[in-house]
Each structure stands twice: as C-alpha cells, then as structure tokens.
Amino acid sequence: MNYDAVIDSLRPEVERGLSREDAVVALHAAGLTIIECIKGLMRLYGLSLGDAKFIAAGHPVWRSIVNEAEPLHQELEDYAEKMKGGGNPDDL
C-alpha cells in the first residue's frame, strides 16, 4: 500500500479516536518507513515535526531503527559542533 493510501485509510480511525501510539503501530505495520510515519503523524494529527518525531522515534516498534541510527546521529552532532567553531570541513 502506498503512503497516501495508508494515510487515507487511517483518517477515519483517527477521527474515531485512534491514539497516536496505535497510529504508529498501524503505520509501521503498513510497511511505511519511519520518515513516512513521522510525516503521517503530522498529517493525521496536525503535529509539529518535533512532536511527531518524538512520538515515532520513542515508540518500541521503531527502537531498532533508532538505535542503529544513533552512531550516525552522534557523528553529525559532533560535526555540527566542530563547524560552529569555524572549523574547516576538509579537516574533519
């Protein structure tokens, strides 16, 4: 099922009171990526990017993906911190 079809199929359930946590499970079960899940939460619930990311990334169904991405995330944060000090990207 494609992203738009998944979102459209969940909209009536959201209107009937589907919780955000249950929506994350449904989006994951439909085969969407974590990025599509975040976008879906924003679209279905009118959430900000930060709130949708917090809900999706904090849900147990995405734990393995979030844990696998942690080293890359840390490397990017370290790079950004070095660049704040006027670092040269070629030196990193």
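Computed from a predicted structure; not experimentally measured. Residue positions are given per chain, counted from 1 along the sequence in the order it is written. Local features in a predicted model are, by the rule used here, given only for residues with pLDDT of at least 70; side-chain atom pairs are given and counted only at 80 or more, and totals for whole chains, interfaces and linings are based on all residues. Side-chain calculation: all heavy atoms of the structure are included, whereas hydrogens and water are not.

(A) Up close: the overall build of the chain. Labels follow the DSSP assignment, with helices taken as runs of H or I lasting at least four residues and strands as runs of E lasting at least two, numbered in each case from the N terminus. Helices and strands together make up the secondary structure of the chain, namely five helices and zero strands. Each helix (α) and strand (β) of the chain, taken in turn from the N terminus, gives the series α-α-α-α-α. Computation of the radius of gyration draws on C-alpha atoms, with the globule rule given as 2.2 Å multiplied by the number of residues to the power 0.38. Compactness check: the chain gives a C-alpha radius of gyration of 17 Å against a globular reference of 12 Å for 92 residues, more than 25% above the reference. Overall size of the chain, expressed as C-alpha extent along the three principal axes, is 55 × 25 × 20 Å. Three exposure classes are used, based on accessible area relative to the maximum for each residue type with a 1.4 Å probe and protein chains only: buried under 20%, partly exposed in between, and exposed over 50%. Buried positions account for 24% of the 92 residues belonging to the chain. Contact criterion: two residues are considered in contact whenever any of their non-hydrogen atoms come within 4.5 Å of each other. A separation of at least 24 residues holds for 52% of the contacts in the chain among residues at least 6 apart in sequence. Residue exposure ignores everything except the shown protein chains as possible cover, and the areas themselves are Shrake-Rupley values with a 1.4 Å probe. Taken as a whole, the chain presents about 6100 Å² of accessible surface, with 55% of it coming from carbon and sulfur.

(B) Representation of a negative patch on the surface within the structure. Nonpolar side chains (Val, Leu, Ile, Met, Phe, Trp, Tyr) within 5 Å and like charges within 9 Å form the patches, drawn only from residues with over 30% relative accessible area and no salt bridge. Salt bridge criterion: a side-chain nitrogen from Lys or Arg within 4 Å of a carboxyl oxygen from Asp or Glu. Residues scored as positive are Lys and Arg, those scored as negative are Asp and Glu, and His as well as the terminal groups of each chain are ignored. Each charge is placed at NZ for Lys, CZ for Arg, CG for Asp and CD for Glu. A cluster of acidic side chains, namely Glu-70, Glu-75, Glu-77 and Asp-78, defines a negative patch on the protein surface. Among the structural elements, Glu-77 can be located in helix α5 (residues 63-84).

(C) Summary view of the pattern of salt bridges. Taken as a whole, this structure holds two salt bridges when the rule is applied. A salt bridge links Lys-84 to Glu-81; the shortest N-O distance between them is 3.3 Å. Taken together, the positions of Lys-84 and Glu-81, both in helix α5 and three residues apart, correspond to about one turn of that helix.

(D) Layout of the packing of helix α1 (residues 3-15) against helix α2 (residues 20-29). Fitted lines through C-alpha atoms serve as axes, helices being fitted only where they are in contact, and the angles separating the N-to-C directions of these axes extend from 0 to 180 degrees. Remark: α1 packs on α2, axes separated minimally by 11 Å, with the N-to-C direction vectors making an angle of 145 degrees. At the point where α1 passes α2, the crossing takes the right-handed sense. Between α1 and α2, the residues in contact are Val-6, Ile-7 and Leu-10 and Ala-23, Ala-26 and Leu-27, respectively. Polarity classes work like this: nonpolar for Ala, Val, Leu, Ile, Met, Phe, Trp, Tyr, Cys and Pro, charged for Asp, Glu, Lys and Arg, and polar for all others, with Gly in that last group. Its residues assigned to classes, the contact of α1 with α2 comprises six nonpolar, no polar and no charged. In a left-handed crossing the near helix is turned counterclockwise from the far helix by less than a right angle, and in a right-handed crossing that turn is clockwise.

(E) Main features of α1. The end-to-end C-alpha distance of α1, which contains 13 residues, comes to 18 Å, matching closely the 18 Å that a straight helix rising 1.5 Å per residue would cover. Residues of α1 that are buried: Tyr-3, Val-6, Ile-7, Leu-10 and Val-14. On its buried face, α1 is in contact with α2 and α3 (34-45). For α1, the capping residue at the N-terminal end is Asn-2, with a side-chain oxygen 3.2 Å from the backbone nitrogen of Asp-4. Following α1 by one or two positions, Gly-17 adopts a phi angle in the positive range, close to 110 degrees. One fewer than the residue count of a helix, multiplied by 1.5 Å, yields its expected span. Between N or O atoms, a polar contact is any pair within 3.5 Å; within protein, one atom must be a potential hydrogen donor and the other a potential acceptor, and residues adjacent in sequence are included only when both atoms are from side chains.

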